[in-house]
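Results of the structural survey
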There are 2 protein chains.
Amino acid sequence: MASPGSALKSAWNRGADLLESGAWRNKTVLITGGLGFIGSNLAIRLVELGAKVTLIDSLIPDYGGNLFNINGLEKALHINLSDIRDRFSMEVLLQNKQVIFNLAGQTSHMDSMRDPQTDLAINGAAQLSLLEQCRAVNPTVRIVFASTRQLYGRPQYLPVDEDHPVDPVDVNGINKLSAELFHRLYHNVHGLSTSILRLTNTIGPRMRIRDARQTFLGVWIRQLLEGEPIDVWGGEQLRDFNDVDDVVDALLIAGEHEGLSPSPYNLGSSETISLLDLARMMISIHGKGNLNIRPFPADRKKIDIGDYHSSYARYQQATGWQPSRSLAHTLERTLAYYAEHRNHYL
Amino acid sequence: MASPGSALKSAWNRGADLLESGAWRNKTVLITGGLGFIGSNLAIRLVELGAKVTLIDSLIPDYGGNLFNINGLEKALHINLSDIRDRFSMEVLLQNKQVIFNLAGQTSHMDSMRDPQTDLAINGAAQLSLLEQCRAVNPTVRIVFASTRQLYGRPQYLPVDEDHPVDPVDVNGINKLSAELFHRLYHNVHGLSTSILRLTNTIGPRMRIRDARQTFLGVWIRQLLEGEPIDVWGGEQLRDFNDVDDVVDALLIAGEHEGLSPSPYNLGSSETISLLDLARMMISIHGKGNLNIRPFPADRKKIDIGDYHSSYARYQQATGWQPSRSLAHTLERTLAYYAEHRNHYL
């Protein structure tokens, strides 16, 4: 395992800079998927920064939305429970917003293979509809779209930069690619102000841990909390992880950075780690736990991508962003969060 | 203008080879979009080859379907008027077929920008649905998907080969790319036998000439027949053109060639010509006519791609296919067809 933290620069708190600058004070912000993992962490930060936040979330049970994610902040922001596929309500919700963080999506790769039309409806058609409606009712809004490293498929070289060919290995990746291309097209042809971030694995409080629909890490945390052995499939695969607070930093920077290219930017980390070492690190931080190392299941092997880590150099050059939280720190605060609030997530 | 025919090899009639081999005799074949330009030419050839042909076509007025296209063959094949978005009828129609030529699509780039959801429904969602149903009810069927050079966008180099990055410049290109990726994914993950041909501009009898929804060439033919000047926008842009009979050859070869890669193959021509020279050639063949050279309209400029021609070397290497009809021959037979049957197309 790469030594955690060794390659990380001294802590760099973009959030504090923004607080000082007052850039987000009274800004009207819409977050689609705002009760989900990343959306809720972003919403909490934006409330701290003085923004006027509206959340949209469908609370579909298999997805990441959870009302507890914004516990205590219910009066500090506006929650609109609805589905981004509902065209007419979206048309009203999109109006009078200065920034849209477009995070709503179906995230499960296995679900996208079992029910590809739902994945297409949410990750493709609803995205196109959102852009069409922005064009009609709010053409000057700033839009930041959260995409995924999943659409690179099996890496041809490491670290994977934005010039790496895309080759999605599942329906989810194909539809997320379409959504990216729609965002870029609406910039190029219709002049919408869109930016795209391709997120890698993200960790932190408020992620779904009931099952692996959002990330395998959720299941690992559940297994650890429930005293079960952590199921590691294979284990040699390298991955990179971002603390959700670093991802929130990156989203906020993109939200105020009108000059960014409409082409995608990778997030990523200079820390890479094998899944086996990650599991061991979690057990070590938790103070107890066991591993159950298993061969990779046949039905998942076809859509597995082997080793993966991103180069985030392009985004760093454009904006100065870099991850500042070590993996050890992230795992500690994440496990502490679930130790305290597990009943809201199981 | 490149000298027409000079670079073309001696005529090579793949259709005749197939007729001799009897490969298509009694084969059960489904053609989606079978009353359209390419679909109907393919259907006519397949009937000649003794195949049992079923056509699906929605006859949506703005699209390419035209009952006259199979005039006289109504009893030699089965016509099923329906929409590929109709899941349950498709499920029955897909059964007991050995080969599916999947040609149905929305083809107008301007329409895809005006009504992107319909383009997505037909070119994206319905394609995914067709593949899902094949997987369920006919997993051994051979599927040939007609894609388009449009998804390369503005060429970075010429001729454009399959390694050229894709960068669709309109909603249609994005959805056709998704459909390609779905076809490839269903091969890689579910074992369906799929192949993809990326067609360049195709000319021949039975294309839509009422307007430019299928190809600008349709409008030019209409203008020529009606004694109006041919509207040439710009005119310097280079293009390549395939005779629809060469495209039918290519489709038939793909239909019987199970060993083809599921990755896309370009069609194309060794003859390239500027649009202005093409218009002049049409006037010369027709014996009369005028040009109206106009600046490129602003709303189309954003989605124009400049010069384009394809390399078809990869498909030639894999199968031996090459275009054998000269552009002059193609224009002659096409203009003769519309001179005789114009009332069915205007």
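Counting of residues starts from 1 at the beginning of each chain's written sequence and follows it residue by residue. Each chain takes a letter, starting from A, and each ligand takes a number, starting from 1, following the order in which they are written. Restriction of local features to residues with pLDDT of at least 70 applies here, the model being predicted, together with a cutoff of 80 or more for giving and counting side-chain atom pairs; totals for whole chains, interfaces and linings are based on all residues.

1. Some thoughts on the overall build of chain A
Helix and strand assignments follow DSSP, with helices taken as H or I runs no shorter than four residues and strands as E runs no shorter than two, numbered in order from the N terminus. Across its full length, chain A holds twelve helices and twelve strands. Principal-axis analysis of the C-alpha atoms places the extent of chain A at approximately 55 × 40 × 40 Å. Counting over 346 residues, chain A shows a buried share of 51%. Put simply, a residue is buried when 20 or more other C-beta atoms lie within 10 Å of its own C-beta and exposed when 12 or fewer do; between those, it is partly exposed, and each C-beta is set from the backbone.

2. As for the interface of chain A and chain B
Across the contact, 18 residues belong to chain A and 18 residues belong to chain B. For the side of chain A that touches chain B, the leading source of residues is helix α5 (residues 116–137) of chain A, giving eight residues. Across the side of chain A that touches chain B, the residue classes break down as twelve nonpolar, four polar and two charged. What counts as a contact here is a pair of residues whose C-beta atoms, placed from the backbone, lie within 7 Å. Any residue outside Ala, Val, Leu, Ile, Met, Phe, Trp, Tyr, Cys, Pro, Asp, Glu, Lys and Arg is labelled polar, Gly included; the first ten of those are nonpolar and the last four are charged.

3. Here we look at the sheet that holds strand β9 (residues 238–243) of chain B
Residue and element names in this part refer to chain B. Strand pairing is assigned whenever DSSP identifies at least 2 bridges connecting the two strands. If you walk across this open sheet you meet the three strands as β7-β9-β11, and the pairing is mixed. Since the sheet does not close on itself, it has two edges, and those belong to β7 (201–203) and β11 (272–274), each with one partner. In this sheet, adjacent strand axes meet at a mean angle of 50° when their direction is disregarded. As paired elements, β7 and β9 share three bridges and run parallel to each other. Comment: axis = line fitted to C-alpha atoms, over the contacting stretch for helices; angle = value between 0 and 180 degrees taken between N-to-C directions.

4. Comments concerning the relation of the copies chain A and chain B
Least-squares fitting of chain A to chain B yields an RMSD of 0.0 Å, with the transformation described by 0.0 Å of translation along the axis and a rotation of 180°. Each copy turns onto its partner about a two-fold axis. Closest approach to the rotation axis within chain A is made by the C-alpha atom of S178 of chain A, at a distance of 3.4 Å. Mapped onto chain B, 100% of the interface residues of chain A are again interface residues, and the two copies thus contact each other with one and the same surface. Only residues with pLDDT of at least 70 in both copies count here: their C-alpha atoms drive the least-squares fit that superposes the copies.

5. Re the confidence of the model for chain A
Residues and elements named next belong to chain A. Known as pLDDT, the predictor's per-residue confidence is scaled from 0 to 100. Averaged over every residue, the pLDDT of chain A is 91; residues scoring 70 or more account for 93%. Here residues 1–13 is a poorly scored stretch, pLDDT under 50, and it has 25 contacts once near neighbours within four places are set aside; other chains count. The ipTM assigned to the predicted complex is 0.87, against a pTM of 0.90.

6. A short note on the sheet that holds strand β9 (residues 238–243) of chain A
Residues and elements named next belong to chain A. Pairing within the open sheet is mixed, and its three strands lie in the order β7-β9-β11. Looking at which strands have only one partner, the edges of the open sheet turn out to be β7 (201–203) and β11 (272–274). Within this sheet the neighbouring strands show an average axis-to-axis angle of 50°, counted without direction. Note that β9 and β11 share three bridges and pair antiparallel. Directly across from D240, in β11, lies its bridge partner T272.

7. Considering the nonpolar core
The nonpolar side chains of a soluble globular protein tend to be buried, and buried together. What makes a nonpolar core is a set of buried Ala, Val, Leu, Ile, Met, Phe, Trp, Tyr and Cys residues, with links drawn between C-beta atoms within 7 Å. Formed by 180 residues in total, the largest nonpolar core has its most connected members in L197 and L251 of chain A together with L197 and L251 of chain B. Excluding anything up to four places from it in sequence, L197 of chain A contacts V144, A146, S147, A250, L251, A254, Y265 and L267 of chain A.

8. What about helix α7 (residues 216–225) of chain A?
All names here are of chain A. Across the ten residues of α7, seven count as buried, placing the element largely inside the fold. On the buried face of α7, the contacting elements are β7, β8 (230–233), α9 (275–286) and α12 (327–341). G227 sits one or two positions beyond α7 and adopts a positive phi of about 75°.

9. Some remarks on the packing of helix α2 (residues 37–48) of chain B against helix α8 (residues 244–256) of chain B
Geometry of a packed helix pair, given as the angle between the helix axes and the separation of the axes. Residues and elements named next belong to chain B. At a minimum axis separation of 9 Å, α2 and α8 run at an interaxial angle of 70°. With respect to each other, α2 and α8 are oriented roughly perpendicular. Between α2 and α8 the crossing geometry is right-handed. Mapping the contact onto sequence places F37, I38, N41, L42 and R45 in α2 and V244, D245, V247, V248 and L251 in α8. The labels follow the angle: roughly parallel below 35 degrees, roughly antiparallel above 145, roughly perpendicular from 65 to 115, and oblique for the rest. By convention, the crossing between two helices is left-handed when the near helix turns anticlockwise from the far helix through less than a right angle, and right-handed when the turn is clockwise.

10. Observations concerning helix α6 (residues 171–188) of chain A
Each helix should span, by expectation, one fewer than its residue count multiplied by 1.5 Å. A rise of 1.5 Å per residue sets the reference length of α6 of chain A, with its 18 residues, at 26 Å; its end C-alpha atoms lie 26 Å apart and thus fit the reference within 8%. Of all 18 residues making up α6 of chain A, 16 are buried, and the element is well covered by its neighbours.

11. Considering unusual backbone geometry
Residue and element names in this part refer to chain A. For the peptide bond that leads from L158 to P159, omega is -10°, which places it in the cis range. Within the fold, P159 resides in the loop between β5 (142–148) and α6. Here L59, not a glycine, exhibits a phi torsion of approximately 50°, which is positive. Structurally, L59 is set in the loop between β2 (52–57) and β3 (78–81). Residue class for L59 comes out partly exposed when judged on the 14 C-beta atoms lying within 10 Å of it. For R206, which is not glycine, the phi dihedral falls at a positive 85°. Looking at the element boundaries, R206 is found in the loop between β7 and α7.

12. A short note on the environment of N290 of chain A
Within the element layout of this structure, N290 of chain A appears in the loop between α9 and β12 (291–294). For the pair N290 of chain A and L224 of chain A, spaced 66 residues apart in the sequence, the C-alpha separation amounts to 8.1 Å.

13. Focus: the environment of L224 of chain A
Residue and element names in this part refer to chain A. When you line up the elements, L224 lands in helix α7. For L224, a count of 24 C-beta atoms within 10 Å translates into the label buried. Those residues in contact with L224 that sit more than four places away from it in its chain are I230, M282, H286 and G289.

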